[in-house]
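# An overview of the molecular structure
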2 protein chains.
Amino acid sequence: MTSPLLEQLIEAFRVLPGVGQKSAQRMAYHVLERERDGGRRLSQALAEAVEKVGHCARCRDFSETEVCATCASPSRGAQLLCIVESPADRLAIEQATGYRGLYFVLQGRLSPLDGIGPSELGLDRLGDRLGEGEVQEMIIATNPTVEGEATAHYLSQLARGHGVKPSRLAHGLPLGGELEYVDRGTLSHAFGSRSEIPQ
Amino acid sequence: MTSPLLEQLIEAFRVLPGVGQKSAQRMAYHVLERERDGGRRLSQALAEAVEKVGHCARCRDFSETEVCATCASPSRGAQLLCIVESPADRLAIEQATGYRGLYFVLQGRLSPLDGIGPSELGLDRLGDRLGEGEVQEMIIATNPTVEGEATAHYLSQLARGHGVKPSRLAHGLPLGGELEYVDRGTLSHAFGSRSEIPQ
């Protein structure tokens, strides 16, 4: 390579998820050939975000303020609390649904083998929050994986212990999916959980 | 979104080639969740490269020095000059072949409709260089596209005008390809350019 700085840039791009040697090269060349201004903006945005974005003290989602805009908003109801594993999950729910309650982001899932227990997920703080008495329903939106289910089970017991109603997102056939291609577990669950068609 | 800085970072990632909204989100979350150090390094590398990487005065490839390491190297022969369209093409040749001559990077191809003529590709400087009399063969490695072929034709005339032998990369079947799936143009060319098998 003709330029050590270019080599260093290619290496640095590989920190991004799904970016290997070839994509990193393409990105570096693209920025240098056509997007120097965009590259400057990205460098700036990265530096600022990495230094200043921390976690909201209420919901543990990313925030550069002590309490994030959602938690501080007076227009969101504090009776509903939706628990998600990651900020990306929270964003997906926010974009897909008309949910107007609050969130709590675990930033992970219970996984004792990896040393991730209740305190790593901030569940002590969640317990305190449930103890405040405002929350009436805890909507558990962890992923439908083994660890996600175990986390959901733990959360539901935590909720009941504080007199809060736990609920779980519905499982079943995805909209627009074809029965033939749905995995067995989902199909079996959807079959067992069938509901009467209202008149 | 809970954080304006995060939003700004996602937007900034979209400057990269092949990165849409979803990938940009994934990159931003990944950096903030798991790779803050990597993010810092990337920010630094980007800022440095964007400010300091210019073009080599000899070959027009990216370089942060006046003349790049390849052009300055005494171990590379100045009799052979390989012309490529982009730094990525140069890198591909450098990695795939044992070529020990020099390069000249056009940073584009002739395209009169887009206002890209000989001077935009540095062909005046290339002409001066051929005039120095050191170069004996010009290996034209522009892409086998319509514009690449037109550029190759122009270059071959430029070379001949300076008494330099122009050559072109071989066209034909790609190694490991299957005849059945090769496009007609390539197959027809390979058929017409068949060579006798040496004894």
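Residues numbered from 1 in each chain as written. Chains lettered and ligands numbered in written order. Predicted model: local features only at pLDDT ≥ 70, side-chain atom pairs only at ≥ 80, totals over all residues. Heavy atoms only, no water.

What follows deals with the confidence of the model for chain A. Across chain A, the average pLDDT comes to 91, with 99% of residues at or above 70. The lowest-confidence element of chain A is helix α8 (residues 184–192) of chain A, averaging 85 in pLDDT; the highest-confidence one is strand β4 (residues 102–105) of chain A, averaging 95. (pLDDT = per-residue confidence, 0-100. Helix = DSSP H or I, 4+ residues; strand = E, 2+ residues; numbered from the N terminus.)

According to UniProt, the "domain: Toprim" (unreviewed entry) feature falls on residues 79–174 of chain A. In the segment residues 79–174 of chain A, helix accounts for 36% and strand for 18%; the C-alpha atoms at its two ends are 28 Å apart. (UniProt positions renumbered as here; feature names shortened; annotations may be inferred.)

To describe a pair of aromatic rings, you give the distance between the ring centres and the angle between the ring planes. Applying the stated criterion across every chain, the model contains four aromatic pairs over all chains. Seen in terms of ring centroids, F62 of chain A and Y29 of chain B are 6.0 Å apart; in terms of plane orientation they differ by 20 degrees. Their pairing is stacked. Of this pair, F62 of chain A sits in strand β2 (residues 62–63) while Y29 of chain B sits in helix α2 (residues 21–34), which puts the two residues in different chains. On the basis of relative accessibility, which here comes to 0%, the residue F62 of chain A falls in the buried class. Above the ring of Y103 of chain B, the side-chain terminus of R90 of chain B is found at 4.7 Å from the ring centroid. (Phe/Tyr/Trp six-rings, centres within 6.5 Å; stacked < 30°, edge-to-face > 60°. Buried < 20%, exposed > 50% of the residue type's maximum accessible area, 1.4 Å probe, protein only. Lys NZ or Arg CZ within 6 Å of the ring centre and 35° of its normal.)

Let us look at the interface of chain B and chain A. With 53 residues of chain B at the contact, the number on the chain A side is 54 residues. Between chain B and chain A, a total of about 5000 Å² is buried, with carbon and sulfur atoms accounting for 68% of that surface. Interface area lost by chain B to chain A is led by T2, L5 and F62 of chain B, which between them contribute 14%. Counting the contacts that link chain B with chain A gives two salt bridges. The closest approach of N and O atoms between E51 of chain B and R40 of chain A, which form a salt bridge, is 2.6 Å. Viewed at the interface, chain A and chain B are joined by 13 residue pairs in polar contact (both at pLDDT 80 or more). (Contact = heavy atoms within 4.5 Å. Buried area = accessible area lost by both parts, 1.4 Å probe. Salt bridge = Lys/Arg side-chain N within 4 Å of Asp/Glu carboxyl O. Polar contact = N/O pair within 3.5 Å; in protein donor to acceptor, adjacent residues only side chain to side chain.)

With that settled, consider the sheet that holds strand β6 (residues 165–168) of chain B. Residue and element names in this part refer to chain B. Spatial ordering of the open sheet is given by β4-β3-β5-β6, a layout of four strands whose pairing is parallel. Edge strands, defined here as strands with exactly one partner in the open sheet, are β4 (102–105) and β6. Shown here is a sheet whose adjacent strand axes are inclined to one another by a mean of 25 degrees, direction ignored. Pairing of strand β3 (residues 80–84) with β4 involves four bridges; the strand directions are parallel. Bridge pairing links V84 to V105 in β4. (Pairing = 2+ DSSP bridges. Axes fitted to C-alpha atoms, helices over the stretch in contact; angles between N-to-C directions.)

Under the feature "zinc finger region: C4-type" (unreviewed entry), the UniProt entry names residues 56–71 of chain A. Along residues 56–71 of chain A the backbone is 19% helical and 12% strand, and the end-to-end C-alpha distance reaches 8 Å.

Let us now look at the relation of the copies chain B and chain A. For the pair chain B and chain A, the best superposition has an RMSD of 0.0 Å and corresponds to a rotation of 180 degrees with a translation of 0.0 Å parallel to the axis. Both chain copies can therefore be described as sitting about a two-fold axis. Taking C-alpha positions as reference, the residue of chain B nearest the rotation axis is S43 of chain B, located at 2.1 Å. When the interface residues of chain B are mapped onto chain A, 100% of them again lie at the interface, so the same face is used by both copies. (Least-squares fit on C-alpha atoms with pLDDT ≥ 70 in both.)

Residue and element names in this part refer to chain B. Most of β3 sits inside the fold, with four of its five residues counted as buried. As paired strands, β3 and strand β5 (residues 137–140) are joined by four bridges and run parallel to one another. Looking at the pairing, I83 lines up with I140 of β5. Crossover handedness for the path β3 to helix α5 (residues 87–96) to β4: right-handed. (Right-handed = clockwise from strand over helix to strand, strands pointing away.)

All right, on to the sheet that holds strand β5 (residues 137–140) of chain A then. Residues and elements named next belong to chain A. With parallel pairing, the four strands of this open sheet are ordered in space as β4-β3-β5-β6. Two strands in the sheet have a free side with no partner beyond their single neighbour: β4 and β6 (165–168). Neighbour to neighbour, the strand axes of the sheet diverge by 25 degrees on average, direction disregarded. In the packing of helix α7 (residues 146–161) onto the sheet, the strands contacted are β3 (80–84), β5 and β6, and the crossing angle to β6 comes to about 160 degrees.

Residue and element names in this part refer to chain A. The backbone of R60 sits at a positive phi, close to 65 degrees, despite the residue not being glycine. Positionally, R60 belongs in the loop between β1 (54–55) and β2. Exposure remark for R60: the relative accessible area of 12% places this residue in the buried category. Positive phi, normally seen in glycine, also occurs at Q107, with a value near 60 degrees. Within the secondary structure layout, Q107 lies in the loop between β4 and α6 (123–131). For Q107, a relative accessible area of 25% corresponds to the partly exposed category.

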